[in-house]
Amino acid sequence: MASDTQRVQAAVLPPEGERRRDFLYIATGAFAAVGAGAVVWPMINQMNPSADVLALAAIDVDLASVQPGQAIKVSWRGKPVFARRLTADEISAANKVDVASLRDPQTLADRTKPGKAEWLITLGVCTHLGCVPLGAGTGEVRGDFGGYFCPCHGSHYDTAARVRKGPAPRNLEVPQYVFKSDTSVTIG
Ligand code: FES
């Protein structure tokens, strides 16, 4: 005959088969959670930039040797960047343009740093389909407006690297940068 304690246990605990099944469910769930964690960690870890990628996130560019009318090309995050030192005439030509008439209305001041109008730093990537425009290299054609010319489909940019003619929809993009000194910048 069952004691009082045995009767209470029988009333509270499910039959042996159900308890075993619950344990299996719980054990499987715990394994799945650990398994998911084990998969997610390498994926997150893979998404962290490696040291060499971090090093390329920002670059220092020395502009000291760039004379008025010249430009240099550097590579930043896999893209060409043009750093151009405008002449007084090029600055004046850019400032004479009626901004309202532009496809992508921006002043030269919008595209340069305060007090640094002679330094025009842009991506060297045409905003039409991504070709590298001409005009930064010595002797390269600079198009009808004296800035850059994209030979792929004939986009012309002016001395503020604003699109003036051709299929490009926007001005050459100005990346984030800061002047570290009068003649050096950090891009990125
Ligand atoms: S990619 Fe420059 S004009 Fe088409």
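Computed from a predicted structure; not experimentally measured. (Residues numbered from 1 in each chain as written. Predicted model: local features only at pLDDT ≥ 70, side-chain atom pairs only at ≥ 80, totals over all residues. Heavy atoms only, no water.)

**Student:** Explain the sheet that holds strand β8 (residues 177–181) here, please?
**Tutor:** Across a sheet, strands are paired by hydrogen bonds formed along the backbone, either parallel or antiparallel in direction. Pairing within the open sheet is antiparallel, and its three strands lie in the order β1-β9-β8. Only two strands of the sheet have a single neighbouring strand rather than two, namely β1 (59–62) and β8. Taking each pair of neighbouring strands and ignoring which way they run, the sheet shows an average axis angle of 30°. Two elements, β1 and strand β9 (residues 184–187), share four bridges in a ladder whose sense is antiparallel. Note that in β9 the partner of D62 across the bridge is S184. (Pairing = 2+ DSSP bridges. Helix = DSSP H or I, 4+ residues; strand = E, 2+ residues; numbered from the N terminus. Axes fitted to C-alpha atoms, helices over the stretch in contact; angles between N-to-C directions.)

**Student:** Hey, could you run me through the environment of R170 in this one?
**Tutor:** Residue placement: R170 occurs in the loop between β7 (163–165) and β8. For the pair formed by R170 and P105, sequence separation is 65 residues and the distance between their alpha carbons is 9.0 Å.

**Student:** How should I be thinking about the state of the cysteines in this particular structure?
**Tutor:** By definition, a disulfide links the sulfur atoms of two cysteine residues through a covalent bond. On inspection of all chains with the given rule, the structure shows one disulfide. Two residues share a disulfide in this structure: C131 and C152, whose sulfurs sit 1.9 Å from each other. On the sign convention where negative is left-handed, the bridge of C131 and C152, at about -95° about the S-S bond, is left-handed. Placement of the pair is C131 in the loop between β4 (119–123) and β5 (146–150) and C152 in the loop between β5 and β6 (155–158), with a sequence separation of 21 residues. (Disulfide = S-S within 2.5 Å.)

None of this, on its own, says anything about what the molecule does.
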